[in-house]
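Residue-level structural notes
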Protein chains: 2
Amino acid sequence: MISDLSPEIPGDQQNTEAARRGRRAAGCDPAKRRQILDGARRVFIDLGFDAASMNDITREAGVSKGTIYVYFASKEELFEAIIEEERGKIFNNLYGALEGGGSLRETLIRFGMALSLKITCDKVIRAQRTVIGASERVPDLGRRFYERGPLHGHMLFTGFLQSAMDEGLLDMKDPPLAAYQFTDLCMAGLFRQCLFAYRTEPPSDEEMRYVVAAGVDMFLKSYGTVKLWELEAREAATE
Amino acid sequence: MISDLSPEIPGDQQNTEAARRGRRAAGCDPAKRRQILDGARRVFIDLGFDAASMNDITREAGVSKGTIYVYFASKEELFEAIIEEERGKIFNNLYGALEGGGSLRETLIRFGMALSLKITCDKVIRAQRTVIGASERVPDLGRRFYERGPLHGHMLFTGFLQSAMDEGLLDMKDPPLAAYQFTDLCMAGLFRQCLFAYRTEPPSDEEMRYVVAAGVDMFLKSYGTVKLWELEAREAATE
DNA sequence: GGGAAATCGAACCAATCGGTTCGAAAAATT
DNA sequence: AATTTTTCGAACCGATTGGTTCGATTTCCC
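Before going further, it helps to examine the overall build of chain A. Along chain A, the regular secondary structure elements total 13 helices and 0 strands. Along chain A, helices and strands appear, N-terminal first, in the series α-α-α-α-α-α-α-α-α-α-α-α-α. Per-residue burial over chain A gives 49% buried out of 239 residues. Long-range contacts, defined as pairs at least 24 residues apart, comprise 66% of the intrachain contacts of chain A with a sequence gap of at least 6. Accessible surface for chain A amounts to roughly 11,600 Å². Of this, 51% is attributable to carbon and sulfur atoms.

The next point concerns the packing of aromatic side chains. The way to describe two aromatic rings as a pair is by their centre distance and the angle between their planes. Summed over the entire model, instances satisfying the criterion amount to 28 aromatic pairs over all chains. Pairwise contacts between aromatic rings join A:Tyr95, A:Phe111, A:Phe157, A:Phe160, A:Phe182, A:Phe219 and A:Tyr223 into one cluster. Taking the ring centre of B:Phe191 as reference, the NZ or CZ of A:Arg192 above it sits at 6.0 Å.

Here the focus is empty space enclosed by the protein. With the rule as written, the count across this model stands at 4 cavities of 30 Å³ or more. By volume, the largest cavity amounts to about 330 Å³. Of all the elements in the fold, those that place two or more residues in the lining of the largest cavity are helix H3 (30-51), helix H6 (75-91) and helix H8 (122-135) of chain A together with helix H3 (30-51) and helix H8 (122-135) of chain B. Broken down by class, the residue content of the lining of the largest cavity amounts to 9 nonpolar, 6 polar and 10 charged.

The next point concerns the interface of chain A and chain B. If you look at the interface, chain A gives 48 residues, while chain B gives 48 residues. Both faces combined, the contact of chain A with chain B buries some 4,500 Å², and carbon together with sulfur accounts for 63% of it. Summed over the shared surface of chain A and chain B, the number is 6 salt bridges. We note a salt bridge from A:Glu136 to B:Arg129, for which the minimum N-O separation is 2.9 Å. Mapped onto the side of chain A that touches chain B, the elements with two or more residues apiece are H3, H8, helix H9 (139-166), helix H10 (175-186), helix H11 (190-195) and helix H12 (205-223) of chain A.

To continue, consider unusual backbone geometry. Residue and element names in this part refer to chain A. Non-glycine residue Ala-197 carries a positive phi angle of around 60 degrees. Residue position: Ala-197 is located in the loop between H11 and H12. Owing to a relative accessible area of 8%, Ala-197 belongs among the buried residues under this scheme.

This next bit is on the pattern of salt bridges. Using the criterion set out here, one finds 42 salt bridges over all chains in the structure. Ionic pairing is found between A:Asp122 and A:Arg126, a salt bridge with its closest N-O pair at 3.6 Å. Highlighted residues: A:Asp122 and A:Arg126, both in helix H8, separated by 4 residues, approximately one helical turn. Classification of A:Asp122 as partly exposed rests on a relative accessible area of 38%. On the basis of relative accessible area, A:Arg126 is assigned to the partly exposed category, the value being 24%. The partner of B:Glu136 in a salt bridge is A:Arg126, and the shortest N-O contact between them spans 3.5 Å. Taken together, the residues B:Glu136 in the loop between H8 and helix H9 (139-166) and A:Arg126 in helix H8 connect one chain to another. Given a relative accessible area of 13%, B:Glu136 falls into the buried group.

For the match of chain A to chain B, the screw axis carries a shift of 0.0 Å, the RMSD comes to 0.1 Å, and the turn is 180 degrees. Such values leave the two copies arranged in the relation of a two-fold axis. Residue A:Gly133 of chain A places its C-alpha closer to the rotation axis than any other residue of that unit, at 2.1 Å. Taken together, the interface assignments show that 100% of the residues at the interface of chain A recur at the interface of chain B, consistent with an identical surface on both copies.

Turning our eyes to something else, we now look at H3(B). Helix length check: H3(B) (22 residues) gives 27 Å between terminal C-alpha atoms against 32 Å at 1.5 Å per residue, more than 12% under. All buried positions along H3(B) are accounted for by B:Pro30, B:Arg33, B:Ile36, B:Leu37, B:Gly39, B:Ala40, B:Arg41, B:Val43, B:Phe44, B:Ile45, B:Gly48 and B:Phe49.

Between two packed helices, both the angle of their axes relative to each other and the distance between the axes serve to describe the pair. Residues and elements named next belong to chain B. It is the contact of H3 with helix H4 (residues 54-61), at a shortest axis distance of 8 Å, that shows an interaxial angle of 145 degrees. Crossing geometry of H3 relative to H4 is assigned as right-handed. Contacts between H3 and H4 involve Gln-35, Ile-36, Gly-39, Ala-40, Arg-42, Val-43, Phe-44, Leu-47 and Ala-51 on the former and, on the latter, Asp-56, Ile-57, Glu-60 and Ala-61. Residues of the contact of H3 with H4, tallied by class, amount to 8 nonpolar, 2 polar and 3 charged.

Chain-level statistics for chain A give a pLDDT mean of 88 and a share of 88% at 70 or above. Across residues 1-24 of chain A, confidence stays below pLDDT 50; counting only partners more than four residues off in sequence or on other chains, it has 17 contacts.

What follows deals with the side chain of A:Arg87. You can see A:Arg87 is positioned in helix H6. Taking the relative accessible area as the measure of exposure, A:Arg87 reaches 13% and is therefore buried.

So, about the environment of B:Gly149. Residue and element names in this part refer to chain B. Residue position: Gly-149 is located in helix H9. Of the residues examined, Gly-149 reaches a relative accessible area of 1% and is grouped as buried. Each C-alpha atom, one on Gly-149 and one on Ile-90, is 8.0 Å from the other, the two residues being 59 residues apart in sequence. When residues no more than four places from it in sequence are discounted, the contact partners of Gly-149 are Arg-87, Phe-91, Tyr-95 and Arg-144.

The rules behind each value
- Residues numbered from 1 in each chain as written.
- Chains lettered and ligands numbered in written order.
- Predicted model: local features only at pLDDT ≥ 70, side-chain atom pairs only at ≥ 80, totals over all residues.
- Heavy atoms only, no water.
- Helix = DSSP H or I, 4+ residues; strand = E, 2+ residues; numbered from the N terminus.
- Buried < 20%, exposed > 50% of the residue type's maximum accessible area, 1.4 Å probe, protein only.
- Contact = heavy atoms within 4.5 Å.
- Areas by Shrake-Rupley, 256 points an atom, 1.4 Å probe, with all protein chains shown as cover.
- Phe/Tyr/Trp six-rings, centres within 6.5 Å; stacked < 30°, edge-to-face > 60°.
- Lys NZ or Arg CZ within 6 Å of the ring centre and 35° of its normal.
- 1 Å grid on protein atoms, 1.4 Å probe; cavity = no way out; pocket = protein on both sides within 12 Å on 5 of 7 lines; lining within 4 Å.
- Points joined across faces, edges and corners; volume = space filled by probe spheres on them.
- Nonpolar A, V, L, I, M, F, W, Y, C, P; charged D, E, K, R; others polar.
- Buried area = accessible area lost by both parts, 1.4 Å probe.
- Salt bridge = Lys/Arg side-chain N within 4 Å of Asp/Glu carboxyl O.
- Least-squares fit on C-alpha atoms with pLDDT ≥ 70 in both.
- Expected span 1.5 Å × (residues − 1).
- Axes fitted to C-alpha atoms, helices over the stretch in contact; angles between N-to-C directions.
- Left-handed = near helix turned anticlockwise from the far one by under 90°.
- pLDDT = per-residue confidence, 0-100.

Have a look at this one:
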């Protein structure tokens, strides 16, 4: 079965002749595809879409140009495949931090750390720069990235806040707004500093922890309920 | 005196011959310079640095290519001149909002509105996208933009918070961090939404006011002192 | 109005772009 | 080992790039 060997490739042009004989269709070797994507990713993220040439990618990937065009129809298609991959790498396994247990404060700190560490690390910042730069001429690209990445995460986190509200731990008039406030507090200033290349290197773990803790404090001081204070006081007393 | 006519032009090559006769040196007509900058600004901000060609700029500015190269040595130099101008247009006259009088809460709302309205409007977002996109290959550009723009503003605002602290209205352990928290709260979510082209049009005045008011509430609930509450209560009573 | 100077406009440069083509070489299936 | 298929590598396409050059034209100062 072909899909066993290359499950992630859409089966639009299966090259049925070869398929019937149990042979791989042209442009369907997952390893080669990976090789191309990895090389192209480095080039695109280093140079941006425009400045990256297909010859650069050829060189970086160690694959001939003709072969690239067997796997991807155009520069745009290759680019979009890479952005999609990057989005997945950034946002997958991020919201598991919401389900690790512990007190509300602990969970918020754990989530805030995971979020802001990932969003401000060098690789991710470079990827975001590339998407933002391309958003001017290809708005759909930036839009899709945002919808499937940050927006999706925002809804998951809003749901988490809702459930904390149902438990009587938080009291918010506008949970979606509160979710935005929280995520922005967790990266106070740092996100823009990184985007504009003001920081030579990403925030350290300690700095991040300091900012996140301050953000969580501020957030809970605004939205925490009496029940939350009682819980926290009780917990502090037992230690 | 030449510098009276073109004060902003560096006098490196004054074409002394012509200057002695009271004539303008080549490439020193402020009006032409403006014409070129205006055309180039539109093209660069619409297309980004790479995709903008000098022929596009020629067309948009209504100036021959040879003339452009009399005023600017290269595409990069022209681009940097425009970014510098844009930075000035964005951040100048922004921090006057801090000095308009009124209560602390009123001032914070006024400043927050001015800040976030300006930073998320279409023109400014496009300019920022261009700078961020170019920051990958020309980090100095993004760095200078950030230092002379957002960072400078951050220091001004931190000073404002300090003086409010001196008056006993606020109590903060870390004023610079608090300044970041405030500015980020004022654009909760909106800044990233705009950057990634998720929003077709910038936030409305009402939406902005709603977000800013919520941010100011949160900020004051965290950092406001008893003295501030008394002041606000007294003011509310007299109305 | 005469003469100096700046601008224009178009041609021109070498280099590079994304994308295609094709025969030779390499791999893999039978 | 024979044969099918993929990949390679280089040449090639037309278009466009940033940048230069240069005579014709316009503008401006005396």
